[in-house]
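Descriptive analysis of the structure
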Amino acid sequence: MKRRDFLSGAASAVATAWFARGAFAAGDDTMPMHDMGKMNGMSSTSGMQGGMHNEMHGGALAPVDALPSGAPLARLRTLVNESRTPGEFRATLLAQPVSRSLVQGQADTVFWQFDGGLASAGKGDTSGPVVGPLIELREGDRVEIRVVNRLEQPTTMHWHGLPVPPDQDGNPSNPIAPGGEHVYRFTLPKGSAGTYWYHPHPHMQTAEQVFRGLAGPIVVRAGDDPLAAWPERHLFVSDLKLAADASIAPNSMMDWMNGREGQFVLVNGAREPMIDVVRDERWRVWNACSARYLQLAFDGGRTFAQVGTDGGLLAAPRDGLTALVLAPGERAELIVRAGQGASQARLLAAQYDRHKMAMSHGSLPPGPSVVLADVRFTPDAAAPTALPSSLRAIAPLGPARAQKSVGFSEAMDMHAMHQPGASNLAMPRGMKFMINGETYVPGRATLTSRRGDVENWTIANGTDMDHPFHLHGTQFQVLSREFDGKRIDEPYLAWRDTINVKPGEIVHIATVQHEAGDRMFHCHILEHEDLGMMGTLRVT
Ligand code: C2O
Ligand code: CU
Ligand code: CU
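No experiment lies behind these values; they were computed from the predicted model shown.

Each value, and the rule that gives it
Residues numbered from 1 in each chain as written. Chains lettered and ligands numbered in written order. Predicted model: local features only at pLDDT ≥ 70, side-chain atom pairs only at ≥ 80, totals over all residues. Heavy atoms only, no water. Helix = DSSP H or I, 4+ residues; strand = E, 2+ residues; numbered from the N terminus. Buried < 20%, exposed > 50% of the residue type's maximum accessible area, 1.4 Å probe, protein only. Contact = heavy atoms within 4.5 Å. Areas by Shrake-Rupley, 256 points an atom, 1.4 Å probe, with all protein chains shown as cover. Donors = N, O, S within 2.8 Å, 3.2 Å for Na, K, Ca; no water. Lys, Arg positive; Asp, Glu negative; His and termini not counted. Salt bridge = Lys/Arg side-chain N within 4 Å of Asp/Glu carboxyl O. Polar contact = N/O pair within 3.5 Å; in protein donor to acceptor, adjacent residues only side chain to side chain. Pairing = 2+ DSSP bridges. Axes fitted to C-alpha atoms, helices over the stretch in contact; angles between N-to-C directions. pLDDT = per-residue confidence, 0-100.

1. Thoughts on the overall build of the protein chain
What the protein chain contains, in helices and strands, is seven helices and 31 strands. Considering the protein chain as a whole, with its 540 residues, one finds that 57% of them fall into the buried category. Considering only contacts in the protein chain between residues 6 or more positions apart, those separated by 24 or more positions represent 77%. On the protein chain, roughly 21,000 Å² of surface is accessible, and the fraction owed to carbon and sulfur atoms is 52%.

Take a look at the structure:
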């Protein structure tokens, strides 16, 4: 398939000042290339150019060593179940501003975070990592979670990946007003065991609420989990961008364009923690970053196994891996072995090129590798744990009764982007991130499906940068990936709700929705989602 079809399709639908990257038209509105180069470069700090630089890239940031590193990996807080009835989970989550002393000699940093607690009894439990408390559930549980909004803007609660009814899934069309609250109710079906997370999904404010701290992990357990006996460790990875005064920096123009990446990557709320491994372990890893891709790898090439994806266990372990890419929103279950004799390794987010845009023609080089954690292996005498060769049965979805296509496209108006003040708006001017040629319109159905119908979807990335596709309310199966006319079948079955799509790639998935109502699908680079790279699937 030809990528240009998408580009010209998008271009015809918008005004002439808009043009897709890689297809710059030299119109009157187009800024000469060398000027754009100056905007993008670090060469000038004088007068207007300096101000412009700040607007593009943001103001001065706290130094990378402003946050301490090397503390033992923090245990996640746990959301306390207020119900005594077996099979029932009842709790309250407060979304509220909380100040924390983070950087020595600077004012406190104000996060927005989820805290468990009785809404009636004051502030809730704000101790421990900024990460929202872990919600531990079991298949079959009847869940009732009250969310109290103590922010000054509307919010919602979205249960990322969980098969909850559409009207309980925190769609942007169901906001909780500031000072208000809402009780979400759902029952977890058999087969839903897996690694999920929760975060707000308000219209055009998802990115901000998540980068200020509102996100937390969910684990759903099965009664017949073949790995139940393995010691389990949780690594919730998030991103933090701190200004020099230790406040959480707003998004710059570059953040909106490429998705925000801060100078800090946190694991369970802290920078570069220390992990002590004495026996083989099962790790659950969440990529809760707004836009950062995590190419998980140990330095020195230590191998690990993948045993699960977003929606739970694989059919069989994938052993001997040295790297695994988690796109924003994705999760994985890994087996990390203690090995023979004492050793040490660093867990990296190794360099990954997601083809970030420059403010002029072309792409930025990929950022450097980042250390996520330092791991010390001191195996105890126990023999290595045997990993079962099969984990569970996964039946392929099908046959498909309908076909859908989703196309990612983008258009940049460099002139508008370079206007003074453009990035000071709540939403920046001059960039469009689209699905099927349109930005998100609340309430408008982009696609329509019938409940119970298995469908094959193609997700085509007609842009020049990676975008992770995410679909609400269900787990899907990747069938194949197509690039340059070559189609490669996915070598194993897995349940996912988020899948990366590279520039020029087409990913084929099989999916089914079981309940009527509106479901969102979008790019999980949260800035792109807020800018409109989102659609509504209307299930009837
Ligand atoms: Cu985590 Cu609509 O997404
Ligand atoms: Cu989601
Ligand atoms: Cu995107």
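2. Regarding the coordination of the copper ion (ligand 3)
Protein ligation of the copper ion (ligand 3) involves His-467 (ND1), Cys-523 (SG) and His-528 (ND1), the donor distances falling in the range 2.0 to 2.1 Å. Donor residues for the copper ion (ligand 3) sit on one chain with the sequence pattern H-x55-C-x4-H. Comparing Cys-523 with His-528, the two get one shared label, buried.

3. Quick look at the side chain of Arg-260
Within the element layout of this structure, Arg-260 appears in the loop between helix H5 (253–258) and strand E10 (264–267). Buried charge without a partner: Arg-260 forms no salt bridge, and the closest opposite charge is Asp-255, 4.2 Å away. One polar contact links the side chain of Arg-260 to the main-chain carbonyl oxygen of Ala-249, over a distance of 2.8 Å. Excluding residues that lie within four positions of it along the chain, Arg-260 makes contacts with Phe-211, Asp-239, Lys-241, Ile-248, Ala-249, Pro-250, Asn-251, Asp-255, Ser-290, Ala-291, Arg-292 and Glu-527.

4. With respect to the coordination of the copper ion (ligand 2)
All of the protein donors around the copper ion (ligand 2) are His-158 (NE2) and His-470 (NE2); their distances to the metal are 1.9 Å. Taken as a pair, His-158 in strand E5 (residues 158–160) and His-470 in strand E25 (residues 467–471) lie far apart in primary sequence, 312 residues in all. With respect to burial, His-158 and His-470 carry one shared label: buried.

5. Concerning the sheet that holds strand E24 (residues 455–461)
The strand order E22-E21-E24-E29-E26-E27 describes an open sheet built from six strands, whose pairing is mixed. In this open sheet, the two strands that pair with only one neighbour each are strand E22 (431–435) and strand E27 (486–489). Neighbour-to-neighbour, the strand axes of the sheet open up by a mean angle of 20 degrees, direction not taken into account. Across seven bridges, strand E21 (residues 402–412) lies against E24 in parallel orientation. Looking at E24, one finds that Gly-407 is bridged to Ala-460.

6. Concerning the pattern of salt bridges
In the structure shown here, the tally under the stated rule is 35 salt bridges. Across the salt bridge formed by Arg-282 and Glu-232, the nearest N and O atoms sit 3.8 Å from each other. In this pair, Arg-282 is assigned in strand E13 (residues 281–287) and Glu-232 in strand E9 (residues 232–240), connecting sequence segments 50 residues apart. Taking relative accessible area as the criterion, Arg-282 reaches 2% and is therefore assigned buried.

7. Here we look at the confidence of the model for the protein chain
Considering every residue of the protein chain, the mean pLDDT works out to 89; 87% of them sit at 70 or more. In the model, residues 1–50 has pLDDT below 50 throughout and makes 72 contacts with residues more than four positions away in sequence or in other chains.

8. With respect to unusual backbone geometry
In this structure, the amide linkage connecting Gly-398 to the following residue, Pro-399, adopts the cis form with an omega of -5 degrees. Checked against the element boundaries, Pro-399 lands in the loop between strand E20 (370–377) and E21. Notably, Glu-272 is not glycine yet its phi reads approximately 40 degrees, a positive angle. Here Glu-272 is to be found in the loop between strand E11 (270–271) and strand E12 (274–277). For His-355, which is not a glycine, the phi torsion comes out positive at approximately 60 degrees. For His-355, the location among the structural elements is in the loop between strand E19 (343–350) and E20. Classification of His-355 by relative accessible area gives partly exposed; the value is 29%.

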